[in-house]
Structures are given as structure tokens and as C-alpha cells.
Amino acid sequence: MSVGLDCGTSFYIAARAKKIKKQRNAFLTVEGETSQVKRMLARQKIPYVEKSGKVHIVGQHAFNYAQIFSTSTLRRPMKSGLLNPTENDALPVLNAIVGEILGKAKNPTKAKPNKEVCVYCVPAKPIDENREVSYHEDVLKTIIEQYGYDVKVIEEAVALGYEGLVDSALTGVSISMGAGMCNVAVMYQGMTALSFSVARGGDWVDENVAMDTGSPVAKVTSIKENSNTLDISKSHIENIYDEGSEEANILIALRSYYGALINYLLTNLKVQFEGVENVPNFPEAVPIVIGGGTSLVKGFVDVFNEQFDQDIFPIPIKEIVLIEDAHTAVSRGCLSEAMLVEEENEESDS
Amino acid sequence: MRELLIEWLLNYLLISLVLWQIGFILHLLLKNHYGKRSKEIYKTIPSTPTAVEVELPNRNKDIGVVDVNVKKHIVADKPTDFKIDSDETIDGSVKLQKDKLKELRSGL
């Protein structure tokens, strides 16, 4: 029973052959006497993590509380795609989240002597932040191994490519648009010709919208994820929202920052591609496949198409596609890889 | 007594005069013989070091960075207690591209 794990800034998503589990990657610390707080949370069926006398509400409940009580600060174990360096309580919370969505691996038996395989993903090295990925990678590996898995790692955009580029012989551009980062891989026949990440994603959009509209970040995120009226492809002239309301201001700002984010990403992709030696020539047009939670907003592909200019883009592109079930696509790519590793292990044993 | 004193004095003057004359004559003789010599400055001429060719051991010209494996000891802090249910669980067969991926890999 292999498992694929997408370790995102906003969500941890574990995919198995017959089940997908999602957990929002956020927490909120509750003041009060530990045992009393735990009893109260257990009665209300609110998930919590206790460490060193502190009790943290975890996941969607923490996110909801942060919206209701604007004075409480939502804490994030990860920031910009990597472990949050300013968050001291991040590791026990991550440990608990991983423990819940993965569960303990089944013990090897005579029939199945190998450990269960877990493939998780890490971002490529960011080009706009001076940070390495290796510590983040090692910590996650250590946590997953604690639950008894044989652990392998792949890059996030490559995992997306395994789901979205199979019909073009693993040739094309895959872009995973997450909350903390956007990851890009240019693939040619299964090989990664270029991969990088930028430390901008959905959080960058939300923070800028919050600053410009004076609304809390949690509220902006909630409107972005849940609004029925949001369509970022609608232009200012065709504004369908009630002008002047807080929600309308947030929606207008969201459209603007989505355009800026996509433009930033495409510009950097062009610069990176032109700056790398030995990049393959693409004789035929290839697809761009997009996934990740930040791409779920309505009208995303239209805005992407608006920002995309084939005349200046270095690779001939035949289509820009939003992958099916974009939120879980990376975890599914990890799962496919995990299953193939497990099959290889079994073949080598027999 | 007075005559004796005068005689000693005369003798003393006479002997002194003779000694001075001898000294003066010797001075003249030495001066004529060796003459005046200017001060000689002895300059130390530095010797120019010349390189000595020696046989060098063979080595690669481009020596790159050597990467090493590091034994990492990472402690992932465990929680004292936790009770979590996933925010969302989607049951049912998950659509995967595994078989196509396997085909591509075997064909590549």
C-alpha cells in the first residue's frame, strides 16, 4: 500500500490507491491550563496537538478560529514552501499532521517483505530567495521514517508532470502553483531539463490583497477559496460585483495580483530557460500543465492565457491546461511514483 | 738649588722638542708614503636568484570541489499528545496515470 504525500505550505495531502486525505497546515495556540483545554477541545471534537505544556488547535478549525477572532494569530509550520524558520512549534505540529494523514506503515510480512513506500515532494531551489531545500527535505524524511515507511523524494513540479504530461511522452512544462511557492519543471522525455521555484504563490497574493484592502489575511484567503462570485478573468470594466463593498474590493485586488503573479512566473521561466546551457530544442509544440491549490480559482487559465505571449516565450506551446483535480495532482503524482518503486522492489526480490 | 731646577727645566724642554720633532717627521714620512685615500664604499651586489627547474608530480589541472557525505542527525520534535482527524477525506479509487507512466518508462 504505497502512499504519495504532497507537503504543501497550506495543505498536506496524502494519496493512497483508494483514499485521499487533506489537512490544512496551520495551527493556533490556546491559552489556559493544559488538561482543561484538552478536555474542552476533545468534547467539541476539535483537533489539537500538545507540546511542552502548550496546546495548539490544528488544521481547518484553527483557520476558522483565526477568521472569527481577528486578534488570534494563525501560525504556519511552513512558509514560502519550506519549514518556517520563525516558528518554534512547527515540528511537533507537522509530526502530528503527518502521523494522522499517513498513519503507521504496515509491518513487512513474509508475503510482502518490503516496507511500504512513501514518496513525498520538495520544492526546487528558489531563484528569488537565498535558501536551501536540503534541511527541509531531511526533516520531512525523518518525520515520515518515524512512521515506518521506506521514504523517497521527488520534486514537486516533476510529480505534477507525472500526472499531467504522460500524454505528451513526459515532454512539456509543468507548473505547480502552491500557497508558498510556484514550482516549475521543463521536461523532455521524462528528463528534467530545467527546474526552479519562485517564493511567491497564493500567500503572496493574499498578503498583498490584505495590505491593499485593509482586510485580515485569513478573510482574504477565505473569500478567495469560497466566494461564489469570484472570477478573476472578469475585467474591471465588466465588474459584476457591488462596488465599494469589502468583498468587491478584495475580489478586484485578487484579480490584479493573480495577473502579477502569473506575469512574474512566466517572465522568470523565460529568463531561466534562456540562461541555462544545454536546454533541449523542442521541435514540436508542447503543453503547459498547471496544478496546485492557487490555480483552483475560477478564471485562472483565462488570466494565464492573457499573460502568456508566445512571441517572446522560448518554447513553442500548443496548449495551457489546468490538470484534473488540481489540488491533489501533486500527491497523485507522488503516489504513482511510490507504486512504481514498490513494484520495482517486489520484482527485484522475486 | 735654583741652578739645578733651571737645568732640569731646560732638559725637559729639550727632550720634549726632540720628541715632537720625531713625531712630526714620522707623520710626514707616513703621509708621503701612503698618500690620501678616499673612503671606499663597498657595495653589495645582490645576486639574482635563478629558478631551478625540478620535476613536478603529475596532477590534474582542474581540481574541483570535493563533495562529502555528511552523517546527518536530525531530530524531528515529537508532540507530547495529539488528537487529529483529517480536515477532508475523499474515499474511492484515485485516478492515476501510473500505467501510462510505467509504459513510457519502459519505452524510453
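Model, not experiment: these values are computed from the prediction. (Residues numbered from 1 in each chain as written. Chains lettered and ligands numbered in written order. Predicted model: local features only at pLDDT ≥ 70, side-chain atom pairs only at ≥ 80, totals over all residues.)

**Brief notes about the domain arrangement of chain A**
Where interface size is given, it is often the accessible area lost as the parts come together that is meant. All names here are of chain A. Assigned domains of chain A: these are domain 1 (26–75) and domain 2 (165–322). Listed per partner, the contact involves five residues of domain 1 and four residues of domain 2. Its residues placed into classes, the side of domain 1 that touches domain 2 shows three nonpolar, two polar and no charged. (Domains from an automatic or database assignment. Contact = placed C-beta atoms within 7 Å. Nonpolar A, V, L, I, M, F, W, Y, C, P; charged D, E, K, R; others polar.)

**Considerations on the pairing of strand β13 (residues 191–198) of chain A**
Consecutive side chains of a regular strand alternate in pointing toward one face of the sheet and then the other. Residues and elements named next belong to chain A. In this structure, strand β12 (residues 182–188) lies alongside β13, joined through seven bridges in antiparallel fashion. By the bridge assignment for β13, M187 is matched with T192. Hairpin connection of β12 to β13: two residues between the antiparallel strands, including Q189 at a positive phi of 50°. (Pairing = 2+ DSSP bridges. Helix = DSSP H or I, 4+ residues; strand = E, 2+ residues; numbered from the N terminus.)

**Some words on the sheet that holds strand β6 (residues 54–58) of chain A**
The four strands lie next to each other as β4(A)-β6(A)-β5(A)-β1(B), forming an open sheet whose pairing is antiparallel. Because the sheet does not close on itself, it has two edges, and the strands there are β4 (27–30) of chain A together with β1 (81–83) of chain B. Strand-to-strand twist in this sheet, taken as the mean axis angle between neighbours without regard to direction, amounts to 20°. One ladder, built from four bridges, connects strand β5 (residues 48–51) of chain A with β6(A); its direction is antiparallel. Bridge pairing in β6(A) links A:E50 to A:V55. (Axes fitted to C-alpha atoms, helices over the stretch in contact; angles between N-to-C directions.)

**A few points about the environment of A:P316**
Residues and elements named next belong to chain A. Mapped onto the elements of the fold, P316 is located in the loop between α9 (300–307) and β15 (317–322). For the pair P316 and A285, spaced 31 residues apart in sequence, the C-alpha to C-alpha distance is 4.5 Å. With residues near it in sequence (within four places) discarded, P316 still touches F282 and A285.

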